[in-house]
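Close look at the chain arrangement
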Amino acid sequence: MTTQHQKEASGMRTPHRRDISARQDLLGRELRQLFDDYTQEDMPDDLQKLAEQLQAAFEGRGEDESEPVQNGKDEVEAGEPGPDGAER
């Protein structure tokens, strides 16, 4: 049999449902605010262009409506070495 004094001496008490619910509500509000702040950030131009191209590809539109992104680099001309060192 455990006495009240022994429970207090252990240093931890069982949280009540009300306490747990209040903590969950607070955590939920904080997570929602973080999510809202993140989704309101501006999208970089390169990422926006890539997203538009992906959307066009999924919708079945041709590539002639938008220019393909080449990893932010200009196209390698014939005779110049490519990223793998081979001539193109």
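See the structure printed just above.
We now turn to the structure provided with this report. Computed from a predicted model, the values in this text were never measured in an experiment.

Notes on the overall build of the protein
Secondary structure summary: the protein contains three helices and zero strands in total. Surface exposure of the protein reaches about 8800 Å², of which carbon and sulfur atoms provide 50%.

Considerations on a nonpolar patch on the surface
On the surface, Met43, Leu47, Leu50, Leu54 and Phe58 cluster together to form a nonpolar patch covering roughly 520 Å² of accessible area. Within the secondary structure layout, methionine 43 lies in the loop between α2 (17-39) and α3 (45-58).

Comments concerning α3
For α3, built from 14 residues, the straight-helix expectation of 20 Å at 1.5 Å per residue is met to within 8% by its first-to-last C-alpha distance of 20 Å. Following α3 by one or two positions, glycine 60 adopts a phi angle in the positive range, close to 85°.

Thresholds, definitions, all that
- Residues numbered from 1 in each chain as written.
- Predicted model: local features only at pLDDT ≥ 70, side-chain atom pairs only at ≥ 80, totals over all residues.
- Heavy atoms only, no water.
- Helix = DSSP H or I, 4+ residues; strand = E, 2+ residues; numbered from the N terminus.
- Areas by Shrake-Rupley, 256 points an atom, 1.4 Å probe, with all protein chains shown as cover.
- Patch = residues over 30% accessible without salt bridge, like charges linked within 9 Å, V, L, I, M, F, W, Y side chains within 5 Å.
- Salt bridge = Lys/Arg side-chain N within 4 Å of Asp/Glu carboxyl O.
- Expected span 1.5 Å × (residues − 1).

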